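Structural description and commentary
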Amino acid sequence: MRKRDHNVLTNAASLLVCGLLAGVVVAAAAFPAVAMSGLAAKAGAETFGALPTELTVARAPQISYLLASDGKTPLATMYDENRRDVKQADISPWMQKAIIAAEDHDFYKHNGVDINGVARAFVNNQGDGGRQGASTLTMQYVRLAIAYSATHPADVVAATEDTSARKLREMRLALQVDKEFSKDEILTRYLNLASFGNGAYGIYAASQVYFGKPPSKLKIEEAALLAGMVKAPTTNDPTTEAGYPLAKDRRDYVIQNMVDIKAITQQEADAAKAVELKVLDKRTPNGCVAANVNSWGFFCDYFYRWWMQQETFGSTTYDRERRLKSGGYTVVTSIDVQAQRGADKAVRKAKSENSKEAAMVAVVEPGSGRVRALAVNRQFKLDDPKKPRNKISSDPAKSRKGIRGNYPATVNPLLTGGDGITGYQAGSTFKIFTIVAALEKGIPLSFSMNAPQQFRSEYKIQPGPAACPGTNLYCPTNSGLKPGGVQNMWTAFAQSVNTFFVPLQQQVGAENVVSAAKRAGIQFRTEEDLTLEKGAHQWGAFTLGVSQTTPLDLANAYATLAADGKYCEPIPVQEIRDPDGNKLDIANPRCEKRFSTEVARAAVDAARCPVGDNSSTSKCGSSRTAAVVKGIVDAPVAGKSGTTDSEKTAALVAMTRQYAVAGIMADPDWPQTNVRMLHKEKNGINPPVYETLRDAMKNKERIQFEPPGQKISEGDQRSIPGVSCISVEQAKSRLKDAGFEPVVSEAKVPSSCPAGTAHGTSPDGRTIKGGVVTIQVSNGGGGATPGNTGGGQPGNTGRPGGRPGG
């Protein structure tokens, strides 16, 4: 802060002011409305020289701006007071001259206290001309600075009450401020603090609210209007019918004063007065319900909830909210405009905002955890309780009471969880975690087994439809009650074979599958899920996706695998800067390695199968649950579909190296819905997911997934012994001795071997140690040459979904 030189006369005047103000006479002149006895007592007890000279200046509340990831597209603004400090160079010279003309003609001549003004006030206030003040711009700045630096409500009152003590303190501090700051600094600070009405604090907000332009672009007539408002912003409000003529008169008064101080010519003044007074009355939007695009409110709300959890911004939620709404931050969020617009369009194309079914899509960037889009076919706003427009809840119990549901409008975190939103079942998308757990146990992708129509597990459950008849053992089946046949991890995942994954989970331990899901990013929010997690060894249906999750958690879990096993905490920000431009580290990704690179790559390799892509070894088979994804996205893809009992929810994950997209369709109001959630249909969940991914990938590089190593894919390969033309029992014994699990095919094949004997095996040649080898039985009708003629794996006629997960 630079000190300005004072000439002899000015310094002498300052000393005179100090002396006079210490006495009763000048006090009476300046403050005739105050009882003389009270002022004299104050002046006698506390001399002017003993008044405080240090002004504590705290930064006034500043508006925070939320931008999209491109750093320019507005997302939302948040504030307690709509203010953004600007430098003098960013304020129109007309505005600087106008405020002087309106408030303090001698601003550049006095030392913070205008002696002549005090004298004029004394003379005027002795007559019948009404009360006249003597506050300079510097004194007004002091008053505002004290109020904004107050730490207690009583201090704010003391800073603004109409008492002699307050005015004496202002004068004393104004003299000191005038020594420490240049006139231009004082003027700029004042313009950044002053209130201009309609929620506009400071010149930046005022120029935006009333004229929709930065303060550097203000014209003479615009500057004069704003300068005329600071004295009485409510009375001189040009946006009201009563205030408009008063505001115009005040504007013209200030314009003429600008002539008086030689800031403009009379010709310029006449031209400015002739301009019709037009204002925008454009209050700056505040909060997520006033997001730049309404549907982006769900992402904005996720950001707000994230911010409120960060201790960096304060030890209490109150402190964190004040920092957000008063800290003047510029937040570049992670929302990808291209991805978000694609998601918004896709979910509304599938389901209207008036549909009870919520089509929810979340997009996460692998390797950073940055949330790129959150979309649902809902409006982000509160339903007006006086004029409600939301539909009656789909939950029969609530419907009978006339309680309204969460559609078409809601502010509940449907996609991210919280405030009672615990998530939705995602079905067979959870089978990926069984693959991960098996790979971590050293079981390769080529591990095969014969998947029956119904599997009698060792998991104990309550007797019921999911148990084997007459037992308490969990007995899952495949969709359509069809057998799965001989499957490996590639084909079983492609076809979503329940009776492959439940026994595989049983083999590796359900607790290890649950652990894999949690490490990938799945959270448990319900008491039921948290209880089952404690006894995870017996959580038999976990692999079929019976626990609740959110689209965000599901997308992030798959993103962990796409990032070679690097988990990143979901984060809605890309960069945060404080008002001084300093970058905050809290916006940096928070990642850690949770799976080996080989395990992650092998799991993704299997996940390419369900969505129509090919694994690096092309062992996906021909049957896939969501085969169209690859062609529509036109990029290397991986993912999985999922369905639950009676198709109460439907889910799909589809991802590239750059984006992981998870979609869930459910009824948030009534999880036990009687509506069938669809997959492949145009109003199902699949189109919103792959259309979102397609749009996000426009003009993006096509990056191939890295293939896993041979060991984790193929395992310990062994030669299959020949069994041609020997008895089936001999063939079984020979295969067992070689370390394989023999299965006899029910179908007979043409062969020159005697009928009922072994014709060959499938696969033939080599396969994994411990793997299933199918014995092909001859029909004795001649034809194929005996031997291990191969032929690949039998297919599965099941569709996506299953009981209870698909």
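The present account deals with the structure reproduced in this document. Model, not experiment: these values are computed from the prediction.

1. Overview of the pattern of salt bridges
Summed over all chains, the structure comprises 35 salt bridges. For Lys583, the salt bridge is made with Glu575, and the minimal N-O distance between the two is 3.5 Å. For Lys630, the salt bridge identified is with Asp613, shortest N-O distance 3.8 Å. With Lys630 in helix H25 (residues 629-633) and Asp613 in the loop between helix H24 (597-607) and H25, this pair connects stretches of sequence that are 17 residues apart. What you see here is one network of salt bridges that share partners, running through Asp80, Glu321, Arg322 and Lys325.

2. A few points about the packing of aromatic side chains
For the coordinates displayed, the defined rule picks out 14 aromatic pairs. Between the aromatic rings of Trp307 and Tyr329, the centroid separation amounts to 5.3 Å while the plane-to-plane angle is 70°, which identifies the pairing as edge-to-face. With Trp307 in helix H14 (residues 297-307) and Tyr329 in the loop between helix H15 (317-326) and strand E3 (330-333), the pair connects residues that are 22 residues apart, well separated along the chain. For the pair Phe313 and Tyr329, a centre-to-centre distance of 6.0 Å together with 75° between the ring planes defines the contact as edge-to-face. Residue Phe313 is located in the loop between H14 and H15, and its partner Tyr329 is located in the loop between H15 and E3; the two are separated by 16 residues in the primary sequence. Phe313 gets classed as buried once you look at its relative accessible area, which sits at 1%.

3. Overview of helix H26 (residues 686-696)
Of all the eleven residues making up H26, ten are buried; the element is thus mostly covered by neighbouring parts of the structure. Asn686, Pro687, Pro688, Val689, Tyr690, Glu691, Thr692, Leu693, Asp695 and Ala696 are the residues of H26 that are buried. The secondary structure elements touched by the buried residues of H26 are helix H16 (337-350), strand E4 (358-364), H25, strand E16 (650-655) and strand E17 (660-666).

4. A few points about the nonpolar core
One finds Trp307, Phe433, Phe500 and Ile576 to be the most contacted residues of the largest nonpolar core, which totals 105 residues. Element by element, the count of residues in this core is highest for helix H23 (residues 551-562), at eight residues. Beyond its immediate stretch of four places on either side in the chain, Phe500 contacts Phe447, Met449, Ala451, Gln487, Asn488, Met489 and Ala492. Listed in part, the 58 residues of the second largest apolar core include Ala174, Leu187, Leu191 and Ile220.

5. Regarding empty space enclosed by the protein
Inspection of the entire model under this criterion finds four cavities of 30 Å³ or more. For the lining of the largest cavity, the elements supplying multiple residues, two or more each, are H23 and H24. Counted as a void, the second largest cavity has a volume near 50 Å³. Lining the second largest cavity we find Phe298, Asp301, Tyr302, Leu374, Phe380, Asn412, Pro413, Leu414, Leu415 and Thr416. For the lining of the second largest cavity, the element with the highest residue contribution is H14, accounting for three residues. Split by residue class, the lining of the second largest cavity holds seven nonpolar, two polar and one charged.

6. Focus: the sheet that holds strand E15 (residues 638-643)
Taken together, five strands build an open sheet; the order of strands is E5-E4-E17-E16-E15 and the sheet is antiparallel. Each having just a single partner strand, strand E5 (371-376) and E15 make up the two edges of the open sheet. Across this sheet, the average inter-strand angle for adjacent strands is 5°, counted without regard to direction. Contacts between H16 and the sheet are confined to E4 and E5, with E5 contributing the most and set at about 20° to the helix.

7. Some remarks on the packing of helix H4 (residues 93-103) against helix H11 (residues 220-229)
One way to put it is that H4 packs onto H11 with a least axis distance of 8 Å and a crossing angle of 40°. It follows that H4 is oblique to H11 by the angle criterion. Crossing angle aside, the handedness with which H4 passes H11 is right-handed. Here H4 contributes Trp94, Met95, Ala98, Ile99, Ala102 and Glu103 to the contact with H11, which in turn contributes Ile220, Ala223, Ala224, Leu226 and Ala227.

8. Considerations on the pairing of strand E20 (residues 758-762)
Among the five residues that make up E20, five are buried, leaving the element largely enclosed by the rest of the structure. Across four bridges, the pairing between E20 and strand E22 (residues 772-778) is antiparallel. From the neighbouring strand, Ser762 faces E22, where its bridge partner is Thr774.

9. Considerations on unusual backbone geometry
The linkage connecting Tyr407 with the following residue, Pro408, adopts the cis geometry, with an omega of 10°. Examined against the element boundaries, Pro408 turns out to sit in the loop between helix H17 (396-400) and strand E7 (409-410). With omega at 0°, the peptide bond leading from Ser762 into Pro763 counts as cis. Here Asn198, not a glycine, exhibits a phi torsion of approximately 55°, which is positive. Judged by its relative accessible area of 14%, Asn198 is buried. A positive phi angle, close to 60°, is found at Ser496, a residue other than glycine. By the element assignment, Ser496 lies in the loop between helix H19 (489-495) and helix H20 (498-508).

10. Digging into the side chain of Ser394
Turning to its location among the elements, Ser394 is positioned in the loop between strand E6 (379-380) and H17. Given the relative accessible area of 14%, Ser394 is considered buried. In this structure the side chain of Ser394 is engaged in a polar contact, spanning 2.6 Å, whose partner is the side chain of Asp667. Apart from the residues within four sequence positions on either side, Ser394 is in contact with Lys356, Tyr407, Asp667, Asp669 and Trp670.

11. So, helix H6 (residues 137-149)
Compared with the 18 Å implied by 1.5 Å per residue over 13 residues, the 18 Å span of H6 between its first and last C-alpha is a close match. With eleven of 13 residues buried, H6 is to be regarded as a mostly interior element. Buried within H6 we find Leu137, Thr138, Met139, Gln140, Tyr141, Val142, Ala145, Ile146, Ala147, Tyr148 and Ser149.

12. Looking at the environment of Glu575
Among the structural elements, Glu575 can be located in strand E13 (residues 573-577). When its relative accessible area of 22% is taken as the criterion, Glu575 is described as partly exposed. Along the backbone, Glu575 and Val331 are 244 residues apart, and their C-alpha atoms lie at a distance of 5.9 Å. In contact with Glu575, other than residues within four places in its own chain, are Thr330, Val331, Val332, Lys583 and Ala587.

13. What about the packing of H4 against helix H9 (residues 183-193)?
Two elements in contact, H4 and H9, have axes whose closest approach is 11 Å; the angle formed by their N-to-C orientations is 85°. Accordingly, the angle class assigned to the pair H4 and H9 is roughly perpendicular. Contacts between H4 and H9 involve Met95, Gln96, Ile99 and Ile100 on the former and, on the latter, Leu187, Tyr190 and Leu191.

14. Some details on the state of the cysteines
Counted under the stated rule, the structure contains five disulfides. In this model Cys288 forms its disulfide with Cys300; the gap between the sulfur atoms is 2.1 Å. Looking along the S-S bond of the Cys288-Cys300 disulfide, the torsion reads about -75°, which is the left-handed sense. Here the residue Cys288 occupies a position in the loop between helix H13 (266-274) and H14, and Cys300 occupies one in helix H14, the gap between them amounting to twelve residues. Given a relative accessible area of 0%, Cys300 falls into the buried group.

Rules used throughout
Residues numbered from 1 in each chain as written. Predicted model: local features only at pLDDT ≥ 70, side-chain atom pairs only at ≥ 80, totals over all residues. Heavy atoms only, no water. Salt bridge = Lys/Arg side-chain N within 4 Å of Asp/Glu carboxyl O. Helix = DSSP H or I, 4+ residues; strand = E, 2+ residues; numbered from the N terminus. Phe/Tyr/Trp six-rings, centres within 6.5 Å; stacked < 30°, edge-to-face > 60°. Buried < 20%, exposed > 50% of the residue type's maximum accessible area, 1.4 Å probe, protein only. Contact = heavy atoms within 4.5 Å. Core = buried A, V, L, I, M, F, W, Y, C linked by side-chain atoms within 4.5 Å. 1 Å grid on protein atoms, 1.4 Å probe; cavity = no way out; pocket = protein on both sides within 12 Å on 5 of 7 lines; lining within 4 Å. Points joined across faces, edges and corners; volume = space filled by probe spheres on them. Nonpolar A, V, L, I, M, F, W, Y, C, P; charged D, E, K, R; others polar. Pairing = 2+ DSSP bridges. Axes fitted to C-alpha atoms, helices over the stretch in contact; angles between N-to-C directions. Parallel < 35°, antiparallel > 145°, perpendicular 65-115°, else oblique. Left-handed = near helix turned anticlockwise from the far one by under 90°. Polar contact = N/O pair within 3.5 Å; in protein donor to acceptor, adjacent residues only side chain to side chain. Expected span 1.5 Å × (residues − 1). Disulfide = S-S within 2.5 Å.

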